[in-house]
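Residues per chain are reported as follows:
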Amino acid sequence: MVEPAPGFSAEDRATLYRAIEARRDVRRGYLPQPLEAATLQRILGAAHCAPSVGLMQPWRFIVVRDAAVREQIHASFVRANEAARQGYEGEQLERYDMLKLEGILEAPQNLCVVCDAASVQGHGLGRHSMPEMAVYSAVCAVQNLWLAARAEGVGVGWVSILEPDTLRNVLHIPEGVVVVAYLCIGYVDVFAHKPELEHSGWEQRTPLERVIGYDGYDQSWKVGERL
């Protein structure tokens, strides 16, 4: 029998799983001091180590520090958030209004991750039948960045309530480049023990056993229904 390649030590595995379990979507408590250049480089370096289809490395990282630029993006959030809240009513609307959904101005730097899905780098390997793999690769970079940031004691918050066209105009993102993530990044005063949406009662984590199927789609997974 061929012996499997060795894994990490028990201590290293525990550290990795701790970072995964302690990762939080941070929307509040950002401290004003910007990240040290070396820290930001390490975090971006972790993102750049992400797997990518055909080794195309389609991600591009736009660091946003200018207060005037962040003001414009925050205004986009305000408009998009007002439109989003119209989809709720009653108790759910009350809960929505209590949520803190961004830290665009509080965080000393933001980061926009975009994907050049048309890049010839990688020679199209793995994209002929699934061109969306380019964007999936960029999402892997976001996850790498998030975990590295948590290990560095840096908070990250993903803001998805934005107007894509406004974001493109403000950051001069050309057509054909896909906006993947707009992130708030900075040191924070505390990391929550539980995700904020779980703590607030907005939603609860689904038990692992409910989302695992074997050798086919589990027919108990009704499309659009809660597990």
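Residues numbered from 1 in each chain as written. Predicted model: local features only at pLDDT ≥ 70, side-chain atom pairs only at ≥ 80, totals over all residues. Heavy atoms only, no water.

Turning our attention to the layout of surface pockets. Its boundaries defined by the atoms lining it, the largest pocket holds a volume of some 370 Å³. Taken together, 17 residues make up the lining of the largest pocket; nearest its centre are D25, A192, K194, P195 and E196. Considering every element that reaches the lining of the largest pocket, the biggest residue donor is helix 7 (residues 196–199), with 3 residues. (1 Å grid on protein atoms, 1.4 Å probe; cavity = no way out; pocket = protein on both sides within 12 Å on 5 of 7 lines; lining within 4 Å. Points joined across faces, edges and corners; volume = space filled by probe spheres on them. Helix = DSSP H or I, 4+ residues; strand = E, 2+ residues; numbered from the N terminus.)

Per the counting criterion, the structure on display carries 5 aromatic pairs. An angle of 55° between the planes, with centres 6.1 Å apart, marks the rings of Y96 and W202 as tilted. Within this pair, whereas Y96 is found in helix 4 (residues 90–98), its partner W202 is found in the segment after helix 7, the two being separated by 106 residues in sequence. Accessibility assignment for this pair places Y96 and W202 in one class, buried. Their ring planes at 90° and their centres at 5.0 Å tell us that Y217 and W221 sit as a pair that is edge-to-face. Its relative accessible area of 16% is what places W221 among the buried residues. In textbook terms, an aromatic cluster arises when at least three aromatic residues are bridged by ring pairs, as seen for Y88, Y96 and W202. Against the face of W146 rests R23, its NZ or CZ located 4.4 Å from the ring centre. A cation over a ring is seen here: R150 above F191, with NZ or CZ 3.8 Å from the ring centre. (Phe/Tyr/Trp six-rings, centres within 6.5 Å; stacked < 30°, edge-to-face > 60°. Buried < 20%, exposed > 50% of the residue type's maximum accessible area, 1.4 Å probe, protein only. Lys NZ or Arg CZ within 6 Å of the ring centre and 35° of its normal.)

Our focus in this paragraph is the side chain of K100. With respect to the helices and strands, K100 occurs in the loop between helix 4 and strand 2 (109–116). Within the structure, K100 has its side chain in polar contact with the backbone oxygen of R27 (distance 3.3 Å). At a separation of 3.1 Å, a polar atom in the side chain of K100 contacts the side chain of E106. If near-sequence neighbours (up to four positions away) are discounted, K100 is found in contact with R27, R28, E106 and E196. (Polar contact = N/O pair within 3.5 Å; in protein donor to acceptor, adjacent residues only side chain to side chain. Contact = heavy atoms within 4.5 Å.)

Another point: the packing of helix 2 (residues 37–48) against helix 5 (residues 133–151). Viewed as axis vectors pointing N to C, helix 2 and helix 5 meet at an angle of 145°, and their least axial separation amounts to 7 Å. Judged by the twist between their axes, the crossing of helix 2 over helix 5 is right-handed. On helix 5, the residues that touch I43, L44, A46 and A47 of helix 2 are A141, N144, L145, A148 and A149. Within the contact of helix 2 with helix 5, the residues separate by chemical class into 8 nonpolar, 1 polar and no charged. (Axes fitted to C-alpha atoms, helices over the stretch in contact; angles between N-to-C directions. Left-handed = near helix turned anticlockwise from the far one by under 90°. Nonpolar A, V, L, I, M, F, W, Y, C, P; charged D, E, K, R; others polar.)

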